[in-house]
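# Secondary and tertiary structure notes
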Protein chains: 2
Amino acid sequence: MKIGIYGYGNLGRGVEYCANQNNDVEVFGVFTRRDPASVKTVLSSKVFPADDAVNYSDEIDVMIICGGSATDLPKLTPMLAENFSVVDSFDTHPKIPEHFTAVDTAAKKGGTLALISAGWDPGMFSLNRIYAESILPCGNTYTFWGKGVSQGHSDAVRRIDGVIDARQYTIPKDSALAAVRSGKNPQLTTREKHLRECFVVAQDGADLTKIENQIKTMPDYFADYDTVVHFISAEEMKKQHSRLPHGGFVIRSGKSGENNAHNHTIEYSLTLDSNPEFTAGVLIAAARAVYKKKNRGETGCITLFDVAPADLSADTAENLRKNLL
Amino acid sequence: MKIGIYGYGNLGRGVEYCANQNNDVEVFGVFTRRDPASVKTVLSSKVFPADDAVNYSDEIDVMIICGGSATDLPKLTPMLAENFSVVDSFDTHPKIPEHFTAVDTAAKKGGTLALISAGWDPGMFSLNRIYAESILPCGNTYTFWGKGVSQGHSDAVRRIDGVIDARQYTIPKDSALAAVRSGKNPQLTTREKHLRECFVVAQDGADLTKIENQIKTMPDYFADYDTVVHFISAEEMKKQHSRLPHGGFVIRSGKSGENNAHNHTIEYSLTLDSNPEFTAGVLIAAARAVYKKKNRGETGCITLFDVAPADLSADTAENLRKNLL
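Further remarks concern the interface of chain B and chain A. On the side of chain A, 65 residues touch chain B, which itself brings 65 residues to the contact. Taking both partners together, chain B and chain A bury about 5600 Å²; carbon and sulfur atoms supply 63% of that area. Counting the contacts that link chain B with chain A gives zero salt bridges. On inspection of chain B and its partner chain A, the count reaches 25 residue pairs in polar contact (both at pLDDT 80 or more). Of all the elements in the fold, those that place two or more residues in the side of chain B that touches chain A are α3 (96–110), α4 (124–135), β12 (246–256), β13 (262–272), α10 (275–295) and α11 (317–323) of chain B. Among the residues making up the side of chain B that touches chain A, the classes are represented as 31 nonpolar, 21 polar and 13 charged.

Residues and elements named next belong to chain B. Spatially, seven strands are ordered β3-β2-β1-β4-β5-β6-β14 in an open sheet, and the strand pairing comes out parallel. The sheet terminates laterally at β3 (47–49) and β14 (300–302), the two strands that pair on one side only. Strand direction decides the pairing type here: strand β1 (residues 2–6) and strand β4 (residues 62–65), joined by four bridges, are parallel. The residue of β4 that forms the bridge with G4 is M63. The sheet contacts of helix α1 (residues 10–19) involve β1, β2 (26–32) and β4, and relative to β1 the element is tilted by about 160°.

Attention now goes to the pattern of salt bridges. A full pass over the atoms with the stated rule returns 34 salt bridges over all chains. With a closest N to O distance of 2.9 Å, B:R158 and B:D165 form a salt bridge. Taking the relative accessible area as the measure of exposure, B:R158 reaches 28% and is therefore partly exposed. Salt bridges sharing common partners tie together A:D155, A:R158, A:D165 and A:R167.

What follows deals with the pairing of β1(B). Within a regular beta strand, the side chains point alternately toward one face of the sheet and then the other, so they alternate between its two faces. Here β1(B) lies mainly inside the structure; four of its five residues are buried. As for the winding sense of the linkage, the β-α-β connection from β1(B) through α1(B) to β2(B) is right-handed.

All right, on to the relation of the copies chain B and chain A then. Of the transformation superimposing chain B on chain A, the axial component is 0.0 Å and the angular component is 180°, with the fit at an RMSD of 0.0 Å. When the rotation and shift are considered jointly, the pair of chain copies conforms to a two-fold rotation axis. Taken as a fraction of all interface residues of chain B, those also at the interface in chain A reach 100%, which identifies the copy contact as same-surface.

Turning our attention to the side chain of B:T77. You can see B:T77 is positioned in helix α2 (residues 72–81). Residue class for B:T77 comes out buried when judged on its relative accessible area of 0%.

Attention now goes to unusual backbone geometry. Residue A:P122 is bonded to the preceding A:D121 through a cis peptide linkage, with omega at 5°. Inspection of the secondary structure puts A:P122 in the loop between β6 (113–115) and α4 (124–135). In this structure, the amide linkage connecting B:G146 to the following residue, B:K147, adopts the cis form with an omega of 0°. Checked against the element boundaries, B:K147 lands in the loop between β7 (139–145) and β8 (148–149). Non-glycine residue A:N260 carries a positive phi angle of around 50°. With respect to the secondary-structure elements, A:N260 resides in the loop between β12 (246–256) and β13 (262–272).

Moving on to the packing of aromatic side chains. Tallying each qualifying case throughout the model produces 19 aromatic pairs over all chains. Judged by centre distance (6.5 Å) and plane angle (20°), the ring pair of A:Y6 and A:F31 falls under stacked. Here the residue A:Y6 occupies a position in strand β1 (residues 2–6), and A:F31 occupies one in strand β2 (residues 26–32), the gap between them amounting to 25 residues. Residue classification places A:Y6 among the buried positions, given a relative accessible area of 5%. Aromatic side chains B:F31 and B:F48 sit 5.2 Å apart centroid to centroid with 20° between the ring planes, which places their arrangement in the stacked category. Of this pair, B:F31 sits in strand β2 while B:F48 sits in strand β3, and the two are 17 residues apart along the sequence.

Here we take up the sheet that holds β12(B). The sheet built from six strands is open, its strands ordered β7(A)-β12(A)-β13(A)-β13(B)-β12(B)-β7(B) with antiparallel pairing. Among the strands making up the open sheet, the edge pair consists of β7 (139–145) of chain A together with β7 of chain B. Adjacent strand axes in the sheet meet at a mean angle of 10° when their direction is disregarded. Running at roughly 30° to β12(B), helix α6 (residues 174–181) of chain B makes contact with β7, β12 and β13 of chain B of the sheet.

Residue and element names in this part refer to chain A. Taken as a whole, helix α6 (residues 174–181) has its buried residues at A176, L177 and V180. Mapping the buried residues of α6 onto a view down its axis gives an arc of 100°, with all of them on the same face. Facing away from the buried side of α6 by more than 90 degrees, the exposed set consists of D174 and S175. In this structure, the buried residues of α6 make contact with β7, β9 (163–172), α7 (190–193) and β12. Two residues or fewer after α6 comes G183, characterised by a positive phi angle close to 85°.

What counts, and where the lines are drawn
- Residues numbered from 1 in each chain as written.
- Chains lettered and ligands numbered in written order.
- Predicted model: local features only at pLDDT ≥ 70, side-chain atom pairs only at ≥ 80, totals over all residues.
- Heavy atoms only, no water.
- Contact = heavy atoms within 4.5 Å.
- Buried area = accessible area lost by both parts, 1.4 Å probe.
- Salt bridge = Lys/Arg side-chain N within 4 Å of Asp/Glu carboxyl O.
- Polar contact = N/O pair within 3.5 Å; in protein donor to acceptor, adjacent residues only side chain to side chain.
- Helix = DSSP H or I, 4+ residues; strand = E, 2+ residues; numbered from the N terminus.
- Nonpolar A, V, L, I, M, F, W, Y, C, P; charged D, E, K, R; others polar.
- Pairing = 2+ DSSP bridges.
- Axes fitted to C-alpha atoms, helices over the stretch in contact; angles between N-to-C directions.
- Buried < 20%, exposed > 50% of the residue type's maximum accessible area, 1.4 Å probe, protein only.
- Right-handed = clockwise from strand over helix to strand, strands pointing away.
- Least-squares fit on C-alpha atoms with pLDDT ≥ 70 in both.
- Phe/Tyr/Trp six-rings, centres within 6.5 Å; stacked < 30°, edge-to-face > 60°.
- Arc of directions from axis to C-beta.

Listed below in structure tokens is the structure:
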């Protein structure tokens, strides 16, 4: 399977590294909107101008689109799906139905197959929600994020006057996790589920009290949470907070049997040193499924919900049954 | 979807309870090898003689076979697959390829669809192994069982002279779990991974030291483990050990990025009050997938590896994308 990598930031680099771990995957090239001569790839993949991509549509089995969900993917995925089978990691949950429809239309027009929203949430967490709810229909599902860096919240803090740099960690509260695991099916408020911790580099002479207050009262992002703010130096930021760890938990608590007296807890958790590199792993597996399904004649838009797990694997059905079942 | 329940022990009762939680599932009836008049079902499902099952093949969409893996399922599943689309929970791992072939032959002959080995291991644990290995190709997968009752080990202790009753709990060792979660990819021996704890009711005057020694040195079952034996009264057995809890962990520890410097841990765990009732939940969801796939014309034998998650759910694709993705 030959893949193209469209967009080359943290996610694109992660895809290049991950492709190298999979014997059945070859990187045809990286497509960038920057000057190709200025882009040095981590494993020496070739670099092409993004605008030339369509010239290589016969040589690429699946294009993995490594762009942001806010502005890139809503345009790029439908556009590229007209000429390529594609995979993306679109993660703006409320806009998934709209994105699905746009991509489905484009893919059907182009006779291609597109898989959207592959990553960990949406992605692996979604899969665990659907499996758990299908198996335990009477119960509640809880999703917790973190401990990890939220890029959106970090960006929001950076936009405040007097802030040079910022990193925001989302942290699930132990008390909430314990209540959910106990099988009590608690009703939890936003504030009860997660804590937000910010590390901020401020300009010399900035009004720190004012910045802290602006963070803690910011609607949507922080106002509904308990938020802790630490002011640190630029050196400490670089030394302690340059990685992009993330993770989280999906927990389903369900009942069964006589008078629903029996409790069951299904818990799925991720602890990731690198959010983009893990997402890249999901994208590569999803690209493999797209490749197999496209070869069987499928077109249009799908998600991981539509993919049989065997199609994500490079191994044979016989080996999978023997070794992993 | 109308299901039949073939075999009516703990698992069959669990299926009857779980069917009642799913609005799209109706129990046509229970099939038993006992005298039907002697079987009282927990939710008043009708009872038929097992030998008459074939007379109802047009009225049953999927037959859920609730038998044991040692002797029942290797005969029953191929036999019933000639006339019914079926689901079973065959769990003798080394014999899965052989069982698959026998069932596949029978189902193709009968023009039916059969899904084998649905449960939690094989089943949900298998799914987590295949997803995790597809996403993180460089790493190790660890499966731990427990804390929970192992029926096979309990039976083995019961067969010892002087033993009236026994219950064996398999317990994962915290030290092993911690080593795996640390990302160190340890090599673990059988003894390092699990502890075995036995509760035994002995005959009056039995040689307890001899029984304990026979347990601890029993090949395959206990000799390779640290085993703790407690002698208790029949009353205490009934009061403290009458439930069938189980559970366990599947943990994948993988690497990514530059020089594989980043660690990722995927952990899936189950804490089940009732092993058979949870298995029943998986069987019902699997039966739904079989029903949908059979209606699309699929025949032969499949496993959960071949099932797209959306087919396990009673909800529509649109709702699933909107609410669970």
